[in-house]
Amino acid sequence: MNASNHALIPHPHPASAMTPHPAPTLPLVVDVRSPGEFAAGHVAGSINLPLDSLAQQAAAALPHRDQPMVLCCLSGARSGMAVQWLRTQGYSQVSNGGGVSSVALQLGRPIERD
């Protein structure tokens with residue numbers, strides 16, 4: 001093997017080989033449906049923050065404006081409105097996951113019922 005071929009073979013740096021990679025941060029799932037809808041079935045580990053009380057409760061319920069969040073509802077319409085509002089309030093990592101079932105499937109979490 002000549003020197004030019006040797007340069008194409010990746011060799012891990014000893015320090016990087018021993019440094020563990022941080023685990024990916026799981027997003028907080030925020031369900032913006034009504035409490036009754038939430039109780040009927042929600043993504044495991046999600047919190048309920050109804051759209052009609054979002055403006056009053058967001059600061060207390062979601063204190064970390066840089067935390068990754070996925071919002072959901074029945075179809076994605078209410079969660080889309082909530083994402084837009086949260087972005088105007090400085091939340092930088094919010095996304096509209098759409099419906100509850102879609103979010104559960106994408107994150108590999110079960111649906112829970114109260």
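Residues numbered from 1 in each chain as written. Predicted model: local features only at pLDDT ≥ 70, side-chain atom pairs only at ≥ 80, totals over all residues. Heavy atoms only, no water.

## Describing the pattern of salt bridges
Phase 1: What the rule picks out here adds up to two salt bridges.
Phase 2: Among the ionic pairs, R78 bridges to E37, the shortest N-O distance being 2.9 Å. Of the two residues, R78 sits in helix α5 (residues 77-88) while E37 sits in helix α3 (residues 35-40), which places them 41 residues apart along the sequence.
Phase 3: Overall, the relative accessible area of 25% leaves R78 in the partly exposed class. (Salt bridge = Lys/Arg side-chain N within 4 Å of Asp/Glu carboxyl O. Helix = DSSP H or I, 4+ residues; strand = E, 2+ residues; numbered from the N terminus. Buried < 20%, exposed > 50% of the residue type's maximum accessible area, 1.4 Å probe, protein only.)

## Topic: the sheet that holds strand β1 (residues 28-31)
Phase 1: Spatially, four strands are ordered β3-β1-β4-β5 in an open sheet, and the strand pairing comes out parallel. Only two strands of the sheet have a single neighbouring strand rather than two, namely β3 (47-48) and β5 (94-99).
Phase 2: The strands touched by helix α6 (residues 100-107) within the sheet are β1, β4 (69-73) and β5, with β5 carrying the most contacts at an inclination of about 115 degrees. (Pairing = 2+ DSSP bridges. Contact = heavy atoms within 4.5 Å. Axes fitted to C-alpha atoms, helices over the stretch in contact; angles between N-to-C directions.)

## Some words on the side chain of S79
Phase 1: One can find S79 in helix α5.
Phase 2: Overall, S79 belongs to the buried group, its relative accessible area being 0%.
Phase 3: A polar side-chain atom of S79 sits 3.3 Å from the main-chain carbonyl oxygen of G76.
Phase 4: Look past the residues within four positions of S79 in its chain and what remains in contact with it is V32, L71, C72, C73, N96 and G98. (Polar contact = N/O pair within 3.5 Å; in protein donor to acceptor, adjacent residues only side chain to side chain.)

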